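A structural walkthrough
Each chain is listed here by its residues.
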Amino acid sequence: MADAKKLFIKTYGCQMNVYDSERMAEALGPSGYETTTDMAEADMILLNTCHIREKAAEKVYSELGRLKPLHDAKPDLKIAVAGCVAQAEGEEIMRRQPMVDLVVGPQSYHRLPAMEARLRLGETALDTDFPEEDKFELLPKRVKLARGPSAFLTVQEGCDKFCAFCVVPYTRGAEVSRPADRILREAQELVERGVREITLLGQNVNAYHGGTDGDGWSLARLIWALNDIDRLERIRFTTSHPNDMDEALIEAHGTCAKLMPYLHLPVQSGSDKILKGMNRKHTADDYLRLIERFRAARPDILLSSDFIVGFPGETDADFEATLALIEEVRYGQAYSFKYSSRPGTPAAERAPVDEAVMDERLQRVQALLTSQQHEIQRGMIGRDVNVLFEKEGRLEGQLVGKSDYLHAVHVARGDAKVGDVRRVRITGTERNSLGGVLL
Ligand code: SAH
Ligand code: SF4
Ligand code: F3S
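Scope of this entry: the structure provided in the associated data block. All values derive from a computational prediction rather than experimental measurement. (Residues numbered from 1 in each chain as written. Chains lettered and ligands numbered in written order. Predicted model: local features only at pLDDT ≥ 70, side-chain atom pairs only at ≥ 80, totals over all residues. Heavy atoms only, no water.)

What follows concerns the overall build of the protein chain. When helices and strands are counted, the protein chain shows 14 helices and 21 strands. In terms of overall size, the protein chain behaves like a compact globule, its C-alpha atoms giving a radius of gyration of 22 Å where 439 residues would be expected to give roughly 22 Å. Seen through its principal axes, the protein chain has C-alpha atoms that stretch 60 × 60 × 50 Å. Within the protein chain, buried positions represent 54% of all 439 residues. Taking all contacts inside the protein chain whose residues are at least 6 apart in sequence as the whole, residues at least 24 apart take part in 71%. Only carbon and sulfur atoms are counted for the fraction: they give 51% of the accessible area of the protein chain, which is about 19,000 Å². (Helix = DSSP H or I, 4+ residues; strand = E, 2+ residues; numbered from the N terminus. Rg over C-alpha atoms; globule rule 2.2 N^0.38 Å. Buried < 20%, exposed > 50% of the residue type's maximum accessible area, 1.4 Å probe, protein only. Contact = heavy atoms within 4.5 Å. Areas by Shrake-Rupley, 256 points an atom, 1.4 Å probe, with all protein chains shown as cover.)

Let us look at the pattern of salt bridges. Tallied over the entire structure, the rule returns 40 salt bridges. For Arg 66, the salt bridge is made with Glu 63, and the minimal N-O distance between the two is 2.7 Å. Of this pair, Arg 66 and Glu 63 both sit in helix α2 (residues 54-73), three residues apart, which is roughly one turn of that helix. Note that Asp 420 and Lys 417 form a salt bridge whose closest N and O atoms lie 3.4 Å from each other. Several salt bridges share partner residues, and in doing so they unite Asp 20, Lys 135, Glu 157 and Arg 172 into one network. (Salt bridge = Lys/Arg side-chain N within 4 Å of Asp/Glu carboxyl O.)

Moving on: the sheet that holds strand β14 (residues 262-264). Strand order in the open sheet formed by three strands is β14-β15-β16, with parallel pairing between adjacent strands. One side of each edge strand has no neighbouring strand; the edge strands of this open sheet are β14 and β16 (333-338). Averaged over neighbouring strand pairs, the angle between their axes works out to 10 degrees when direction is ignored. The sheet contact formed by β14 and strand β15 (residues 302-309) spans three bridges and is parallel. Pairing of Leu 263 across the sheet is with Leu 303, part of β15. Running over the sheet, helix α14 (residues 355-380) touches β15 and β16 and is turned about 175 degrees from β16. (Pairing = 2+ DSSP bridges. Axes fitted to C-alpha atoms, helices over the stretch in contact; angles between N-to-C directions.)

In total, this model carries five aromatic pairs according to the counting rule given. With centroids separated by 5.5 Å and ring planes inclined at 70 degrees, the aromatic side chains of Phe 162 and Tyr 170 adopt a geometry described as edge-to-face. Residue Tyr 170 is classed as partly exposed on the basis of its relative accessible area, which comes to 38%. Taken together, a centroid distance of 6.3 Å and an interplanar angle of 85 degrees make the contact between Phe 165 and Phe 311 edge-to-face. Of this pair, Phe 165 sits in the loop between β8 (156-157) and α7 (168-171) while Phe 311 sits in the loop between β15 and α13 (316-329), placing them 146 residues apart in sequence. The buried category is assigned to Phe 311, whose relative accessible area is 0%. (Phe/Tyr/Trp six-rings, centres within 6.5 Å; stacked < 30°, edge-to-face > 60°.)

By the element assignment, Asn 48 lies in strand β3 (residues 44-49). Residue classification places Asn 48 among the buried residues on the basis of a relative accessible area of 1%. Reaching out from Asn 48, the side chain makes a polar contact with the backbone oxygen of Asn 17 at a distance of 3.0 Å. Excluding its chain neighbours within four sequence positions, the residues that come into contact with Asn 48 are Lys 10, Thr 11, Tyr 12, Asn 17, Asp 20, Ser 21, Met 24, Ala 82 and Gly 83. (Polar contact = N/O pair within 3.5 Å; in protein donor to acceptor, adjacent residues only side chain to side chain.)

In this section: the pairing of β16. Relative to β16, β15 is paired through six bridges, and the arrangement is parallel. Bridging across to β16, Ser 305 finds its partner in Ala 334. As a crossover connection, the stretch from β15 through α13 into β16 is right-handed. (Right-handed = clockwise from strand over helix to strand, strands pointing away.)

This paragraph deals with the site of ligand 1. If you check the shell around ligand 1, you find 14 residues, and the closest are Phe 165, Gln 203, Gln 268, Asp 306 and Ser 340. Here an oxygen atom of ligand 1 sits 2.6 Å away from a polar atom, N or O, in the side chain of Gln 268. Looking at the shell around ligand 1, the elements with two or more residues in it are β15 and β16. When the residues that make up the shell around ligand 1 are grouped by side-chain class, the tally is six nonpolar, four polar and four charged. (Near = heavy atom within 4 Å. Nonpolar A, V, L, I, M, F, W, Y, C, P; charged D, E, K, R; others polar.)

Next up on the list: the pairing of strand β17 (residues 384-392). Put simply, side chains in a regular strand alternate between the two faces of the sheet. When β17 meets strand β20 (residues 421-429), the two strands line up antiparallel, connected through five bridges. Bridge pairing in β20 links Leu 388 to Val 421. Bridging between β17 and strand β18 (residues 398-403) involves five bridges; their strand directions are antiparallel. Residue pairing across strands places Glu 392 opposite Leu 399, the latter belonging to β18. Two successive antiparallel strands, β17 and β18, enclose a turn made up of five residues, where Gly 397 displays a positive phi of approximately 75 degrees.

With that settled, consider helix α5 (residues 112-120). Listed as buried for α5 are Leu 112, Met 115, Glu 116 and Leu 119. Looking down the long axis of α5, one finds its buried residues gathered within 100 degrees of arc, a one-sided arrangement. Away from its buried face by more than 90 degrees, α5 exposes Ala 114 and Arg 120. Immediately downstream of α5, the backbone of Gly 122 shows phi near 85 degrees, a positive value. (Arc of directions from axis to C-beta.)

Encoded structure:
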């Protein structure tokens, strides 16, 4: 389109936001927008935001502050805020930053074209409903643009778990699974566009129970159906909750050829007292037994998790229990965060742990997780793995991709190209990646 308007999207937060940003770009296509990676030429800047921790939420306002001069110089520039901060703060965003034209929550973005039409009339638009209708049904069919070989696909959204620290049940709403037939169709379309790896997304992805006419589909059944799609080479899923794991899903890790040997299974803490305070409804031992079952099904599975340090009431002994759990599991990779009090969540009412204590615990937990990560990476040297190549590397003539275990791997490109899955011998390890040679 010669006179296409330019849309610049900046995405914060989780992988579901990455997926949503893609869908929002597609939704605005019929309104005459195409995406740009150059903010300076944008006619609309859309921030797709995250509310999970205070720092994440505050980033939005500092970014809006930085955009102010650009907006002053170009008064026609439209500023839109989407995602979980939009959901949580709504109108407050426009009060704090009057230049914002549009605020849209994660469940309403199929209404973007109508909202954008209002902007053309010089109005503002705000929509943070949890509508009855299914946004995925009303979004345009996925556009057949060229894209990379790895894609996200949302299959389940929202959460009914109400962990005491977490905003997600309020920003994403109640847990909903998409119908299996629609997901399979979307997967097929992605594969036709060159996708070779699909990561199924959900805030509680293993609670997936989408039906086609009421016959229950579990996540395991969905994975087995995806396994039959030609030219799809790899299947992953994230994020799981320990309480929703079923035998079929565990077993699939040993038997389903395209399901990758990697599991992100957040535990948050190793202390039963803290887990109870967090409303997690499982003990540290429940979690460890679950890990054992996964390792029995797939001995080389690489494990990942999320940890929160300094949750209200966490003593030194509670924190030591978290370190002990980590020692027992041995993670290939994991995320750890300082507890951040979120308005409206039950834990926000409780007395906080001293900030300096939290800092010290975060450092210790990160040091332990990093040492495990590096030890596992060193253990990969000399081993042969499959790598799906995703893009050019940082250095001339390099290709980078992901191993089965989700390690970033770079090689001298040889005859390999983006989209290929190739056998690679690992020859070295850096901080967050591995080096190898094509076999
Ligand atoms: N739905 C996923 C991810 C939730 S958000 C799940 O259930 O695991 C990702 C991670 O952010 C969480 O696992 C948790 O470790 C962290 N997190 C969530 N709320 C937080 C808070 N208030 N303070 C610090 N970390 C938090
Ligand atoms: Fe948040 Fe807990 Fe739901 Fe995960 S399971 S999204 S941490 S409330
Ligand atoms: Fe953040 Fe919302 Fe995802 S709060 S982590 S963008 S679900």
